[in-house]
Amino acid sequence: MTQQTDPREYRGAPSTGAGPAPTGPERSGAAAWVRFGAVVMMIVGVFGVIEGLVAVLTPSYYVTVGGAVFVLSLAGWGWVHLALGALVAIVGASLLGDAPSWARGTAVALVALSSILHLTFVAAAPVWSILVIALDVIVLYALITTWDEPLRARR
């Protein structure tokens, strides 16, 4: 008995959606953007933790008028940065795996909150806050524009 084979099943032929997907280490563009966003989130999160520790342990490092930023004291902002930075880093690390569905939504919410937090912190650290806001916008772009695309590697 002879078998008929579909030419799209061979490794070198392009796939049109019918038949198995190509094998190998290929990943979709969406997965690459999400992984990039996850790495940037981890970096921003770790720096947020460092920023919070600096504000808590050495309050004279930041120059502010009257020792307060917006409504909270500098130590209060330090604890906020510490907690949010740790959450951003943890969620960013969870995006590096198979990117569970809860991680993308949580990442978007935390990164948006981080950018708002740094917007209010501009008085204490203007250059750093603007840099983090720019990185947060890049992460939001990476996570939101690829929302409907599959993230798993093709097998």
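Calculation criteria
The residue numbering used here restarts from 1 in each chain and proceeds along that chain's sequence as written. Local features in a predicted model are, by the rule used here, given only for residues with pLDDT of at least 70; side-chain atom pairs are given and counted only at 80 or more, and totals for whole chains, interfaces and linings are based on all residues. Heavy atoms from the whole structure form the basis of all side-chain values; hydrogens and water molecules are not counted. Think of it this way: any DSSP run of H or I at least four residues long counts as a helix, any run of E at least two long counts as a strand, and we number them from the N terminus. In this scheme, a residue with accessible area under 20% of its type's maximum is buried, one over 50% is exposed, and one in between is partly exposed, where area comes from a 1.4 Å probe on protein chains only. For this analysis, residues touch if any pair of their heavy atoms sits within 4.5 Å. Confidence per residue, as judged by the predictor, is encoded in pLDDT with a range of 0 to 100. Note on aromatic contacts: the rings of Phe and Tyr and the six-membered ring of Trp form a pair at centre separations within 6.5 Å, being stacked when their planes are under 30 degrees apart, edge-to-face when over 60 apart, and tilted otherwise. The patches reported here contain residues having more than 30% relative accessible area and no salt bridge. Joining distances are 9 Å for like charges and 5 Å for nonpolar side chains (Val, Leu, Ile, Met, Phe, Trp, Tyr). We get accessible surface area from the Shrake-Rupley algorithm with a probe of 1.4 Å; when it comes to residues, only the shown protein chains can shield them. Any carboxyl oxygen of Asp or Glu that lies within 4 Å of a side-chain nitrogen of Lys or Arg is treated as forming a salt bridge with it. Throughout this description, a polar contact denotes any pair of N or O atoms lying within 3.5 Å of each other; where both atoms belong to protein, one of them has to be capable of donating a hydrogen while the other can accept it, and for residues adjacent in sequence the pair is counted only when both atoms sit in side chains. With axes taken as lines fitted to C-alpha atoms, and helix axes fitted only over the stretch in contact, angles between N-to-C directions fall between 0 and 180 degrees. Each angle is binned into one of four classes, with values under 35 degrees roughly parallel, values over 145 roughly antiparallel, values of 65 to 115 roughly perpendicular, and all other values oblique. The crossing is said to be left-handed when, going from far helix to near helix, the turn is anticlockwise and less than a right angle, and right-handed when the turn is clockwise.

A. Local environment of the overall build of the protein chain. The secondary structure content of the protein chain amounts to four helices and two strands. By the burial criterion, 35% of the 155 residues in the protein chain qualify as buried. In the protein chain, the proportion of contacts linking residues at least 24 apart, taken out of those at least 6 apart, comes to 70%.

B. Focus on the confidence of the model for the protein chain. Looking at the protein chain as a whole, its pLDDT mean stands at 76, while 68% of the residues score no less than 70. The least confident element of the protein chain, judged by mean pLDDT, is strand β1 (residues 68–69) at 56; the most confident is helix α4 (residues 126–144) at 90. A low-confidence stretch, residues 19–26 stays under pLDDT 50, and its non-local contacts, those more than four residues away or across chains, total 13 contacts.

C. The packing of aromatic side chains, seen in detail. Overall, the coordinates contain three aromatic pairs when judged by the stated rule. Ring geometry for Trp-33 versus Tyr-141: centroids 5.4 Å apart, planes at 80°, classification edge-to-face. Placement of the pair is Trp-33 in helix α1 (residues 29–57) and Tyr-141 in helix α4, with a sequence separation of 108 residues. Here the aromatic cluster, defined as three or more aromatic residues joined through ring pairs, consists of Trp-33, Phe-36 and Tyr-141.

D. Molecular detail of a nonpolar patch on the surface. Nonpolar side chains collect at one region of the surface, where Val-39, Ile-43, Val-46, Phe-47, Ile-50 and Leu-96 lie side by side and expose about 480 Å² of accessible area between them. By secondary structure assignment, the location of Ile-50 is in helix α1. When its relative accessible area of 43% is taken as the criterion, Ile-50 is described as partly exposed.

E. Inspection of the side chain of His-81 at higher detail. Along the chain, the position of His-81 falls in helix α2 (residues 74–95). Overall, the relative accessible area of 2% leaves His-81 in the buried class. Within polar-contact distance, the side chain of His-81 engages the side chain of Glu-51 at 3.5 Å. Beyond its immediate chain neighbours, meaning those up to four positions away, His-81 contacts Gly-48, Val-49, Glu-51, Gly-52, Leu-117, His-118 and Phe-121.

F. Region of interest: the packing of helix α3 (residues 101–120) against α4. Running from N to C, α3 and α4 cross one another at 160°; their axes reach a closest spacing of 9 Å. The orientation of α3 with respect to α4, classified from their angle, is roughly antiparallel. In the packing of α3 onto α4, the handedness of the crossing is left-handed. Contacts between α3 and α4 involve Arg-104, Ala-107, Val-108, Val-111, Ala-112, Ser-114, Ser-115, His-118 and Leu-119 from the former and Trp-128, Ser-129, Val-132, Ile-133, Asp-136, Val-139, Leu-140, Leu-143 and Ile-144 from the latter.

G. Geometry of the environment of Arg-35. Mapped onto the elements, Arg-35 comes out in helix α1. C-alpha of Arg-35 to C-alpha of Val-139: the two residues are 104 residues apart in sequence and 9.9 Å apart in space.

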